[in-house]
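What follows is each chain in one-letter form.
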Amino acid sequence: MGAGNMGGAMVARLCELGWPVVVCDIDPVRQQQALEAGACLADTPGTAARALVADGVLIVCVVDATQSHEVLFGTGGAAAALHSGQTVMLCPTIAPQDTEALAAALSSQGLDCIDAPMSGGPARAREGSMSLMVAATDGVLERHAALLAALSSKVFRISERVGDGARTKLVNNLLAGINLVGAAEVLALAERLGLDLSTTLDVIEQSSGQSWIGSDRMRRAIAGDLAPRAHVTLLEKDTRLAVQAARAAGFAGPLGEVAASVFEQAHAAGMADLDDAALLQLLRGPRP
């Protein structure tokens, strides 16, 4: 369910490895890409679910909890067409309570759930080196170990408690957001100080300030390449959810809310549909 940047990369990898894949996506461009990769198409989530083998896995790779609920339990949803013994794998970054609610609804129908948010971007998803943070019973994970290994060489078994994958992803993505805001801020400062941005980033990449997301995004930003691989709205959502989870746990850190507010500012500045590398453009302001 969902063959966008990450889902489409997963589809291409699975097809390349010989796995039979059926794709449901509302975007005709994504549908065509899935066909070219070797997948079959389904017009509704329910149709896709009916194509699953007895021990098959329905991978949900949409944007948020609302879309996840819709493809599973909405009109023409997949859950009604699934059978006991089949499994739903939830990959979106959503609130832990939403993961738990979806898993409980699936369990009431005798369906297993793998809480499996992912990280690393489309290129890593395509080559099978993205991170998967999985939470499910040992039995469910062992039954689908071959699929998980095909998707990722970095499968982290978080716990048996569904929701812990979501919690881990929020912690990870909050740090990613903090690191990205920090990288954009220091390069904006470097520019004001009259430094060459590419040379400055060369230094940072080999020094104590290095971060993967800072290097990845700022290289593109310096080149003026803001074609969306990861829209601003994604880390806006993820940092917001992480801050909400922190508040619910009674934790108040000094940086999370600040980072979340910067993504909100980027959205308000009309950058929602740009790559999140656009934070450099936001923070540099008018050039001297």
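Figured I'd write up the structure that's included with this text.

## Observations regarding the overall build of the protein chain
Then step 1. On a plain count of helices and strands, the protein chain comes out with 14 helices and 8 strands.
Then step 2. Taking 2.2 N^0.38 as the reference for a compact globule, 288 residues should give roughly 19 Å; the C-alpha atoms of the protein chain span a radius of gyration of 20 Å, in line with that estimate.
Then step 3. The principal-axis extent of the C-alpha atoms belonging to the protein chain is close to 65 × 45 × 35 Å.
Then step 4. In the protein chain, which comprises 288 residues, the proportion classed as buried is 48%.
Then step 5. In the protein chain, of all internal contacts separated by at least 6 residues, the share reaching a separation of at least 24 is 67%.
Then step 6. If the 21 positive side-chain charges of the protein chain are averaged to one point and the 31 negative ones to another, these points end up 3 Å apart.

## Observations concerning helix H11 (residues 212–222)
Then step 1. Among all positions in H11, only Ile 213, Gly 214, Ser 215, Arg 217, Met 218, Arg 220 and Ala 221 are buried.
Then step 2. Buried positions along H11 lie against helix H9 (164–192), helix H10 (197–205), helix H12 (232–248) and helix H14 (279–284).
Then step 3. One or two steps after H11, the chain reaches Gly 224, where phi turns positive at roughly 75 degrees.

## Brief notes about the pattern of salt bridges
Then step 1. For the structure on display, the rule yields 16 salt bridges.
Then step 2. One salt bridge in this structure joins Arg 247 and Glu 257, with 3.2 Å as the shortest N-O distance. With Arg 247 in helix H12 and Glu 257 in helix H13 (residues 256–271), this pair connects stretches of sequence that are 10 residues apart.
Then step 3. The exposure class of Glu 257 is partly exposed, given its relative accessible area of 42%.
Then step 4. Linked through salt bridges whose partners overlap, the residues forming this network are Asp 216, Arg 217, Arg 220, Asp 275 and Asp 276.

## Remarks on the layout of surface pockets
Then step 1. Taken as a whole, the second largest pocket spans an internal volume of roughly 650 Å³.
Then step 2. If you go around the second largest pocket, you meet 28 residues; those closest to its centre are Pro 20, Val 21, Val 22, Leu 52 and Val 57.
Then step 3. For the lining of the second largest pocket, the secondary structure elements donating two or more residues are helix H1 (5–16), strand E1 (22–23), strand E3 (57–60) and helix H8 (145–151).
Then step 4. With 4 residues, the single largest contributor to the lining of the second largest pocket is H1.
Then step 5. For the lining of the second largest pocket, the per-class residue count stands at 21 nonpolar, 5 polar and 2 charged.

## Notes on the environment of Arg 219
Then step 1. Inspection of the secondary structure puts Arg 219 in helix H11.
Then step 2. Taking C-alpha positions, Arg 219 is 7.9 Å from Leu 201, a pair spaced 18 residues apart along the chain.
Then step 3. Those residues within four positions of Arg 219 in sequence are excluded, and the remaining contacts are Ser 198, Leu 201, Asp 202, Glu 205 and Gly 214.
Then step 4. Polar side-chain contacts of Arg 219 include one of 2.5 Å to the side chain of Asp 202.
Then step 5. Separated by 3.0 Å, the side chains of Arg 219 and Glu 205 make a polar contact.

## A look at the nonpolar core
The nonpolar side chains of soluble globular proteins are, as a tendency, buried together.
Then step 1. Counting 30 residues, the largest nonpolar core has Met 10, Ile 59, Met 89, Leu 132 and Leu 151 as its most contacted members.
Then step 2. Elements with a contribution of two residues or more to this core: H1, E3, strand E7 (131–135), helix H7 (138–143) and H8.
Then step 3. Counting residues per element, this core draws most heavily on H1, at 6 residues.
Then step 4. Discounting residues that sit within four places of it in the chain, Leu 132 has contacts with Met 89, Ala 116, Pro 117, Met 118, Leu 148, Leu 151, Ser 152, Lys 154, Val 155 and Phe 156.
Then step 5. Core analysis: the next-biggest nonpolar cluster, separate from the first, contains 25 residues, Ala 176, Leu 180, Ala 188 and Ala 259 among them.

## A closer look at the pairing of E3
Then step 1. Along E3, one buried face is formed by Val 57 and Ile 59 and the opposite face, lined by Leu 58 and Val 60, is buried too.
Then step 2. The pairing of E3 with strand E4 (residues 87–90) spans 4 bridges and is parallel. For Leu 58, the partnering residue across the bridge sits in E4 and is Val 88.
Then step 3. Remark: the E3/helix H4 (residues 65–73)/E4 crossover connection has right-handed handedness.

Conventions adopted
Residues numbered from 1 in each chain as written. Predicted model: local features only at pLDDT ≥ 70, side-chain atom pairs only at ≥ 80, totals over all residues. Heavy atoms only, no water. Helix = DSSP H or I, 4+ residues; strand = E, 2+ residues; numbered from the N terminus. Rg over C-alpha atoms; globule rule 2.2 N^0.38 Å. Buried < 20%, exposed > 50% of the residue type's maximum accessible area, 1.4 Å probe, protein only. Contact = heavy atoms within 4.5 Å. Lys, Arg positive; Asp, Glu negative; His and termini not counted. Charge placed at Lys NZ, Arg CZ, Asp CG, Glu CD. Salt bridge = Lys/Arg side-chain N within 4 Å of Asp/Glu carboxyl O. 1 Å grid on protein atoms, 1.4 Å probe; cavity = no way out; pocket = protein on both sides within 12 Å on 5 of 7 lines; lining within 4 Å. Points joined across faces, edges and corners; volume = space filled by probe spheres on them. Nonpolar A, V, L, I, M, F, W, Y, C, P; charged D, E, K, R; others polar. Polar contact = N/O pair within 3.5 Å; in protein donor to acceptor, adjacent residues only side chain to side chain. Core = buried A, V, L, I, M, F, W, Y, C linked by side-chain atoms within 4.5 Å. Pairing = 2+ DSSP bridges. Right-handed = clockwise from strand over helix to strand, strands pointing away.

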